[in-house]
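Secondary and tertiary structure notes
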Amino acid sequence: MNYKSTRDNSISVKSSEAIAKGLSAEGGLFVPDSIPVISQTNIKYMADMSYCERAKEILGRFLTDFTEDELDKCITSAYTKEKFETNSIAPVYKLNNSQYILELWHGPTCAFKDMALQILPHLLTTSVKKLGLDRETVILVATSGDTGKAALEGFKDVDGTKIIVFFPDEGVSSIQRLQMCTQEGDNVFVSAVNGNFDDAQNGVKAIFTDKEYEKELLADKKALSSANSINWGRLVPQIVYYFSAYCDMVKAEEIQCGDEVNICVPTGNFGNILAAYYAKCMGLPVKKLICASNKNNVLTDFINTGVYDRNRDFFVTTSPSMDILISSNLERLLYMISGGRADVVSAYMAELKEKGTYTVSDDIKKEIGENFYGGCADDEKCAETIKETYDKFSYVTDTHTSVAVSVHNEYMKNTGDDTKTIIASTASPFKFNGAVLSALDKDTQTAELDEFRLLEKLAKDYELRVPSSLAGLEEKEVRFEVVCDKNQMKAVINEFLKN
Ligand SMILES: *Cc1c(COP(=O)(O)O)cnc(C)c1O
């Protein structure tokens with residue numbers, strides 16, 4: 001199987017090239033040139049497999065230039081009991097007869113980005129080696145919090161890589177800061193940048209586009225790369241857990257192999273729900289894909305009207321990982337749904353860049369409507385749903401998951417469809433403890449407690465266990481205390497790379 005670009009059909013590269021490059025040269029995203037089929041007999045077999053074995057089935061269909069041995073190594077290095085604190089890696093929790101919570105947050109940073117970022121470093125270094133590129137990969141990340149930590153955990157001590165993360169000095173919570181500044185590993189570096197997230201991100205972007213710097217690094221056998229969510233190597237591992245959840249439900253006799261399910265996903269960049277769409281196209285019996293947004297509901301409007309319009313107010317919400325106005329992975333969906341029309345996709349993307357909006361054709365709109373349902377929930381609705389879910393089912397969800405549960409409740413009410421639904425749970429409630437605690441108990445004075453006291457309170461009041469990666473944080477040694485100016489970022493990188 002080869003990979004094309006969403007913006008140029010004449011491009012055709014192997015999976016290792018797609019992963020090593022990240023983005024196609026003309027700005028398009030890499031997409032597989034055909035969709036592998038997993039039959040129901042396959043799914044039945046997979047029901048008796050471990051998560052790693054299921055991952056091998058799925059990844060093997062897409063990464064066809066990887067040897068079995070290479071795939072095995074990547075998968076078993078990523079999905080271990082030590083890192084995920086559970087053998088099942090991504091367990092399914094039955095809330096009630098219609099709602100099944102797929103817990104994607106048992107990894108080292110307690111959020112679903114670990115599912116992809118634990119394996120990406122291995123896929124990337126294997127790809128670089130396969131292509132015969134004699135170079136060290138230097139991962140550069142600007143982060144507003146969660147992605148940076150997940151990338152650090154994924155890349156730490158992976159041979160052939162170094163990783164440097166910049167975060168805005170004013171823009172992360174105290175737990176997020178501690179998580180990053182106590183990071184272990186011999187190949188990692190973390191620095192705060194004076195300013196806000198845009199300052200950090202613009203600084204990183206300027207370094208990525210600096211041709212002279214690229215040459216300098218190459219002379220030293222180094223190449224910059226990003227751990228960005230548009231890399232195919234981050235998307236493909238996400239397809240696995242939808243098959244895995246379905247297999248778990250078959251195994252637990254909640255469904256029979258072949259029964260249709262719905263999948264509901266709290267969405268930001270459209271990566272996670274796109275993976276579910278790929279699963280559907282591959283033959284997983286999925287009826288509707290329910291796309292849940294917070295108050296930044298650009299996707300809800302798009303699914304319902306066919307008009308994508310980013311010219312709107314941006315809201316800061318209690319589900320910050322979904323506060324996004326440009327969902328970059330949507331480009332892959334448009335490519336698939338238009339039947340591989342790179343010219344059509346390029347035109348939409350050019351309009352988006354120029355005017356901030358585009359309108360899809362009636363055919364595309366219809367096809368999207370047949371596959372997807374779009375809904376949204378604001379902070380108030382999200383908080384109500386956290387409380388209601390706990391009161392009814394004694395289960396605590398984080399804010400992002402609650403947006404999904406809320407939209408799914410509304411979907412059932414509006415459509416009368418109570419098909420069993422896999423709801424992707426993208427973060428541990430401990431990650432957003434302040435918002436979760438005040439939703440569960442309006443009298444909680446969250447402002448008076450520091451984040452560690454909030455962790456303890458959430459655990460004590462609701463009989464939960466603080467994830468070990470957060471529990472020990474307060475006592476850990478701070479390894480990184482550098483704060484630099486925007487124009488010093490390159491110097492910080494050079495200083496680190498010297499060693
Ligand atoms: C990144 C993230 C999301 C959004 O996922 P996309 O793939 O960008 O749609 C949702 N919830 C949490 C907790 C996240 O970290």
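Our subject is the structure listed above.
Just so we're clear, the structure is a prediction, and the values are computed from it rather than from any experiment. (Residues numbered from 1 in each chain as written. Predicted model: local features only at pLDDT ≥ 70, side-chain atom pairs only at ≥ 80, totals over all residues. Heavy atoms only, no water.)

1. Side note on the sheet that holds strand β9 (residues 222-225)
Whenever strands of a sheet pair, they do so through backbone hydrogen bonds, lying parallel or antiparallel. Within the open sheet, the five strands sit side by side as β9-β6-β7-β8-β16. Their pairing is parallel. In this open sheet, the two edge strands, each paired with only one partner strand, are β9 and β16 (483-484). The sheet contact formed by strand β8 (residues 188-193) and β16 spans two bridges and is parallel. Among the inter-strand pairings, A192 is bridged to a residue of β16, identified as V483. The strands touched by helix α8 (residues 146-155) are β6 (136-142), β7 (161-168) and β8; relative to β7, the strand with the most contacts, the crossing angle is about 165°. In the packing of helix α23 (residues 489-498) onto the sheet, the strands contacted are β6, β7, β8, β9 and β16, and the crossing angle to β7 comes to about 150°. (Pairing = 2+ DSSP bridges. Helix = DSSP H or I, 4+ residues; strand = E, 2+ residues; numbered from the N terminus. Contact = heavy atoms within 4.5 Å. Axes fitted to C-alpha atoms, helices over the stretch in contact; angles between N-to-C directions.)

2. Observations concerning the site of the ligand
Around the ligand lies a shell of 14 residues, among which K113, G268, N269, N272 and T426 are the nearest. T426 places a side-chain nitrogen or oxygen 2.8 Å from a nitrogen atom of the ligand. For the ligand, whose free accessible area comes to 390 Å², the fraction covered by protein is 95%. Across the shell around the ligand, the residue classes tally to five nonpolar, eight polar and one charged. (Near = heavy atom within 4 Å. Polar contact = N/O pair within 3.5 Å; in protein donor to acceptor, adjacent residues only side chain to side chain. Areas by Shrake-Rupley, 256 points an atom, 1.4 Å probe, with all protein chains shown as cover. Nonpolar A, V, L, I, M, F, W, Y, C, P; charged D, E, K, R; others polar.)

3. Quick word on the pattern of salt bridges
As a working rule, side chains carrying opposite charge can pair if their charged atoms are close by. Applying the stated criterion across every chain, the model contains 36 salt bridges. Between K222 and D220 there is a salt bridge, with its nearest N and O atoms 3.3 Å apart. By relative accessible area, which is 9% here, K222 ends up buried. Residue R453 is joined to E456 by a salt bridge in which the shortest nitrogen-to-oxygen separation is 3.2 Å. Residue R453 and its partner E456 are both found in helix α21 (residues 451-462); the two are separated by three residues, about one turn of the helix. Given a relative accessible area of 45%, E456 falls into the partly exposed group. What you see here is one network of salt bridges that share partners, running through E136, K162, D220 and K222. (Salt bridge = Lys/Arg side-chain N within 4 Å of Asp/Glu carboxyl O. Buried < 20%, exposed > 50% of the residue type's maximum accessible area, 1.4 Å probe, protein only.)

4. With respect to unusual backbone geometry
Its identity is not glycine, yet I89 carries a phi of approximately 65°, on the positive side. Structurally, the position occupied by I89 is in the loop between α5 (81-84) and β4 (92-94).

5. What about the environment of I163?
Structurally, I163 can be placed in strand β7. The exposure class of I163 is buried, given its relative accessible area of 0%. Ignoring any residue separated from it by four or fewer positions in sequence, one finds I163 in contact with I139, V141, A151, L152, F155, N187, V188, F189 and F496.

6. A word on the sheet that holds strand β11 (residues 286-293)
The sheet built from six strands is open, its strands ordered β4-β5-β15-β10-β11-β14 with mixed pairing. Edge positions in the sheet fall to β4 and β14 (372-376), since each of these pairs with one other strand and no more. The mean inter-strand angle of the sheet, taken between neighbouring strand axes irrespective of direction, is 25°. Sheet topology places strand β10 (residues 261-266) next to β11; five bridges connect them, and they run parallel. Within the sheet, the bridge partner assigned to I263 lies in β11 and is L289.

7. Topic: the pairing of β10
Where burial is concerned, most of β10 is hidden: six out of the six residues are buried. Going residue by residue along β10, you find V261, I263 and V265 tucked away on one face and N262, C264 and P266 tucked away on the opposite face as well. Taken together, β10, helix α13 (residues 271-281) and β11 constitute a β-α-β crossover, and its handedness is right-handed. (Right-handed = clockwise from strand over helix to strand, strands pointing away.)

8. A look at the packing of helix α3 (residues 51-62) against helix α12 (residues 232-251)
Relative orientation of the contacting elements α3 and α12 amounts to 130°, with a least axis distance of 9 Å. In this view, α3 runs oblique relative to α12, as classed from their interaxial angle. Crossing hand, α3 versus α12: right-handed. Note on element contacts: α12 touches α3 through W232, V236, P237, I239, V240, Y241, F243, S244, C247 and D248, opposite Y51, R54, A55, I58, L59 and F62. Class assignment of the residues belonging to the contact of α3 with α12 gives a composition of 13 nonpolar, one polar and two charged. (Parallel < 35°, antiparallel > 145°, perpendicular 65-115°, else oblique. Left-handed = near helix turned anticlockwise from the far one by under 90°.)

9. Digging into the packing of helix α20 (residues 433-440) against α21
Here α20 crosses α21 at 45°, and the two axes come no closer than 9 Å. It follows from the interaxial angle that α20 and α21 lie oblique. In terms of crossing hand, the pair formed by α20 and α21 is left-handed. Side by side, α20 and α21 meet where N433, G434, V436, L437 and L440 of the first sit next to E451, L454, L455, K457, L458 and Y462 of the second. Partitioning the contact of α20 with α21 into residue classes produces seven nonpolar, two polar and two charged.

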